[in-house]
Amino acid sequence: MIWWLRIRYVPAVATGLLACILLGSAANSVTVPIPVVIGGLTFDLPMSSLLPLIPVCLILEGQARADRVTERVAVRAIGRWDAAFMALCVLIGVLAAAGAAIADAGAAATAMARDFTGYLGLALILRWLGGARLASVATAVFPFACVSFGLAHNRPSIWAWPLHDATSVTAATLALLLLLAGAATSLLPTLRRQDSNDDD
């Protein structure tokens, strides 16, 4: 158990998730101006859309450090621990969003819970397709790509779900579908040989 906690960066992920929730709620009005390719304008991306990338990338890094050969023959169900840990992280984000909604503390927590869910699902899919390194980079770039290419007449496209309002049912549905698809990849064989760490 201690080995798994260290390898998976569980304390770091927990700290990153807590910081994400606290900073996102406190910096609800902080935005990052991103240039829009179509139209030549800029879009103010809320900081709450970027903060969930921190715990997601830490989760990916923790999984990339694992020795796949050793874990395949391990007595303990490491895959179940990973799934339970990620599900717990999503649940914490949802509970934080629900608490913020009850306290009428703004929509930042709701958007962060949705974005964390969607980013994690996207990262798991990309990790299955090309490894942890590709997944980390592509997931981190995704919200910026949404701003640069996913806006038409200052309205986000359907696929650019991080730019939708926190109350958007469509965005929440897409994020949930990504998470379910990402979780399903754990049941599939990897598309490339991974006899050692993903970064090898």
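Structure's up top.
The structure displayed is predicted, hence computed values, not measured ones.

Caption draft 1: View of the overall build of the protein chain. A tally of helices and strands in the protein chain yields eight helices and four strands. The order of helices and strands in the protein chain, counted from the N terminus, is α-α-β-β-α-α-α-α-α-β-β-α. Looking at the protein chain residue by residue over its 200 residues, the buried ones come to 42%. Carbon and sulfur atoms make up 68% of the accessible area of the protein chain, which totals about 10600 Å².

Caption draft 2: Inspection of the environment of Ile-92 at higher detail. Mapped onto the secondary structure, Ile-92 falls in helix 5 (residues 78-102). Exposure remark for Ile-92: the relative accessible area of 36% places this residue in the partly exposed category. On a C-alpha basis, the gap between Ile-92 and Leu-18 in space is 9.1 Å, while along the polypeptide they are 74 residues apart. The residues contacting Ile-92, other than those within four sequence positions of it, are Leu-17 and Ile-21.

Caption draft 3: Local environment of helix 5. Its 25 residues place the ends of helix 5 36 Å apart at the C-alpha level, agreeing with the 36 Å of an ideal helix rising 1.5 Å per residue. Ile-78, Asp-82, Phe-85, Met-86, Cys-89, Val-90, Gly-93, Ala-97 and Ala-100 are the residues of helix 5 that are buried.

Caption draft 4: Representation of the layout of surface pockets. Looking at the second largest pocket, its volume works out to about 200 Å³. In terms of lining, the second largest pocket is formed by 14 residues, of which the most central are Val-94, Thr-110, Ala-113, Arg-114 and Ala-172. Of all the secondary-structure elements, those providing two or more residues to the lining of the second largest pocket are helix 5, helix 6 (108-130) and helix 8 (169-184). The residue inventory of the lining of the second largest pocket, partitioned by class, reads nine nonpolar, four polar and one charged.

Caption draft 5: Representation of the packing of helix 2 (residues 10-26) against helix 3 (residues 53-64) within the structure. Direction vectors running N to C along helix 2 and helix 3 enclose 170°, while the axes themselves pass 8 Å from each other. Taken together, the axes of helix 2 and helix 3 lie roughly antiparallel to each other. Only Ile-54, Pro-55, Leu-58 and Ile-59 of helix 3 make contact with helix 2, whose side of the interface consists of Ala-12, Val-13, Gly-16 and Leu-17. Tallied by class, the residues present in the contact of helix 2 with helix 3 amount to seven nonpolar, one polar and no charged.

Caption draft 6: View of the nonpolar core. Phe-116, Leu-120, Val-147 and Leu-163 are the most contacted members of the largest nonpolar core, which totals 36 residues. Only helix 2, strand 2 (42-46), helix 3, helix 5, helix 6, helix 7 (132-149) and helix 8 provide two or more residues apiece to this core. Of the residues forming this core, the biggest block, seven residues, is contributed by helix 6. Beyond its immediate stretch of four places on either side in the chain, Val-147 contacts Ile-34, Pro-35, Val-36, Phe-43, Leu-45 and Leu-163.

Reading guide: rules and limits
Residues numbered from 1 in each chain as written. Predicted model: local features only at pLDDT ≥ 70, side-chain atom pairs only at ≥ 80, totals over all residues. Heavy atoms only, no water. Helix = DSSP H or I, 4+ residues; strand = E, 2+ residues; numbered from the N terminus. Buried < 20%, exposed > 50% of the residue type's maximum accessible area, 1.4 Å probe, protein only. Areas by Shrake-Rupley, 256 points an atom, 1.4 Å probe, with all protein chains shown as cover. Contact = heavy atoms within 4.5 Å. Expected span 1.5 Å × (residues − 1). 1 Å grid on protein atoms, 1.4 Å probe; cavity = no way out; pocket = protein on both sides within 12 Å on 5 of 7 lines; lining within 4 Å. Points joined across faces, edges and corners; volume = space filled by probe spheres on them. Nonpolar A, V, L, I, M, F, W, Y, C, P; charged D, E, K, R; others polar. Axes fitted to C-alpha atoms, helices over the stretch in contact; angles between N-to-C directions. Parallel < 35°, antiparallel > 145°, perpendicular 65-115°, else oblique. Core = buried A, V, L, I, M, F, W, Y, C linked by side-chain atoms within 4.5 Å.

Honestly, it's all geometry; don't read function into it.
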